[in-house]
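An overview of the molecular structure
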Amino acid sequence: MTEPSYDQYREEMIGRANVADTPERLAYYKRLSALGTGALWTVANKIEPWEPVSTSTPMIWRYRDLREDVLKALELVTPEQAGRRVVYLENKGRADVVAAVGWLYSGLQVMAPGECASSHRHSASALRFIMEGSGAFTNVDGHKMMLGANDFVLTPNGTWHEHGVAEDGTICIWQDGLDIPLMNALEANFYEVHPDLQQAISYAVDDSTATWAGAGLRPAGVKWAKPYSPLLKYEWAPTYEALSRYAKVTDGSPYDGILMDYVNPNTGGPVMQTIGASMQLLRPGERTKAHRQTGSFVYQCAKGKGWSIINGQHFDWQERDIFVVPAWMYHEHANASDSSDACLFSFHDLPVMRALGLYREEALGENGGHQPIMS
Ligand code: 1HN
């Protein structure tokens, strides 16, 4: 067995640890280790990097590569056996915590007509982005919702939820997004199966969208005290219309084109406490400038085609492809079409960054310099 060496972390700079290994020091480190301790200067530079060093890798999962094997799961397991019939996305650098990027989990769930998975709840906050099929539904705390392609749905932490597909529907595939890795890192993750397996439908179908998605209107006298959005389903048609209308009156962001956040209509803030989500539109031929942020992002192309450059790597994407941007990596997006829009759905952990006072954003300057962006 080779002896450990700490020389690799040395830095030739005042204020940083710079201690060479000597036989006497190595023997000392060994004694400390046997006592369940260590010399901070051997690890200080590693645990205090100058800036965030993500262990996640920029990655893309192309739908045309995955779809057949997602459908194959229908033959291999029932929702009863599997609990959730899902193919999850594993980041090369995050396999140990089952993350797609950073502290975010993502997977593709498939259900056939007439199937319904059992109701449960957990500390993790969750969302769905519907990819294909008709007749999918979800029931969140008794609020049943019918789901169509590109609809965005919340199942906030602590809410009972179950999903299924109506008898007269078609095979449905949707993307799940959760903060499970974060909940496990915080050692705060609980899970419960609903005592009745299937929960009752307690409200009119789609009542949450009917109540809270009014264009700039709020239902008078309706109180909402929970820490997440009372609007649980954000439909695609009004989302795309909002982006298209906004695009007519703004230049948009140099880094993101026409970017709109899904919001909690009760507060104007993010949809859930730990996960935020956005939809952005890149106009025909649009190419954005590079920026980077603290926080991790999972993108899904909802419309059109284009490419992104993430940490210097080029990724071509088209409808339904999913790709990730790890924390503090420069990224820029481009619409590959000169005649139609491209839309990117994304979810991220910026609410966590902001709540903890950790949010930062920086632009890559023309000359390669870095410029902080205040927001
Ligand atoms: C979950 O509850 C769902 O509700 C999907 O469909 C994926 C992955 C890990 C933990 C809980 C769902 C999940 C999940």
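Here goes a summary of the coordinates provided. From a predicted model like this one, the values you see are computed outputs, not experimental measurements.

Among the structural elements, T288 can be located in the loop between strand 14 (276-282) and strand 15 (291-293). Since its relative accessible area comes to 4%, T288 is described here as buried. Of note is the side chain of T288, whose polar atom sits 3.3 Å from the backbone oxygen of Y255. Those residues in contact with T288 that sit more than four places away from it in its chain are P254, Y255, D256, G257, L282, E332 and H333.

The next thing to look at is the nonpolar core. Among the nonpolar cores identified, the biggest contains 52 residues, and W61, L108, F152, Y262, M279, F345 and F347 are the most heavily contacted of them. With sequence-adjacent residues up to four places away left out, F152 is seen in contact with L127, R128, F129, L232, K233, Y234, Y262, V271, A277 and F345. The next biggest cluster of nonpolar side chains, apart from the first, holds 15 residues, and it includes Y299, F315, W317 and F323.

Attention now moves to the pattern of salt bridges. Summed over the entire model, instances satisfying the criterion amount to 14 salt bridges. Its salt-bridge partner being R16, residue E11 comes within 3.1 Å of it at the nearest N-O pair. Residue R16 is classed as buried on the basis of its relative accessible area, which comes to 17%. When the shortest N-O distance is used, the salt bridge between R283 and E286 registers 2.9 Å. For R283, a relative accessible area of 21% corresponds to the partly exposed category. A single salt-bridge network, built from bridges that share partners, covers E51, R292 and E362.

So, on to helix 7 (residues 236-247). Its 12 residues place the ends of helix 7 16 Å apart at the C-alpha level, agreeing with the 16 Å of an ideal helix rising 1.5 Å per residue. W236, T239, L243 and A247 are the residues of helix 7 that are buried. Looking straight down helix 7, one finds its buried side chains confined to an arc of 70°; they lie on one side. Opposite the packed face of helix 7, turned more than 90 degrees from it, sit the exposed residues A237 and R245.

So, on to the state of the cysteines. Under the counting rule described, the total for this entry stands at 0 disulfides. This cysteine, C116, is not joined by any disulfide, and C172 carries the nearest cysteine sulfur, 12 Å off. Cysteine C343 is unpaired, with the sulfur of C301 as its nearest cysteine sulfur at 7.9 Å. Take C343: its relative accessible area is 0%, and that puts it in the buried class.

Looking at where A215 falls in the secondary structure, it is placed in the loop between helix 6 (207-212) and strand 12 (233-234). Note: C-alpha distance between A215 and P238 (23 residues apart in sequence) is 9.1 Å.

Its place among the elements puts M183 in helix 5 (residues 180-185). The sequence separation of M183 and T274 amounts to 91 residues, and the corresponding C-alpha distance is 9.8 Å. The residues touching M183, leaving out its near neighbours within four places in the chain, are S123, A124, A188, N189 and T274.

Parameters at a glance
Residues numbered from 1 in each chain as written. Predicted model: local features only at pLDDT ≥ 70, side-chain atom pairs only at ≥ 80, totals over all residues. Heavy atoms only, no water. Helix = DSSP H or I, 4+ residues; strand = E, 2+ residues; numbered from the N terminus. Buried < 20%, exposed > 50% of the residue type's maximum accessible area, 1.4 Å probe, protein only. Polar contact = N/O pair within 3.5 Å; in protein donor to acceptor, adjacent residues only side chain to side chain. Contact = heavy atoms within 4.5 Å. Core = buried A, V, L, I, M, F, W, Y, C linked by side-chain atoms within 4.5 Å. Salt bridge = Lys/Arg side-chain N within 4 Å of Asp/Glu carboxyl O. Expected span 1.5 Å × (residues − 1). Arc of directions from axis to C-beta. Disulfide = S-S within 2.5 Å.

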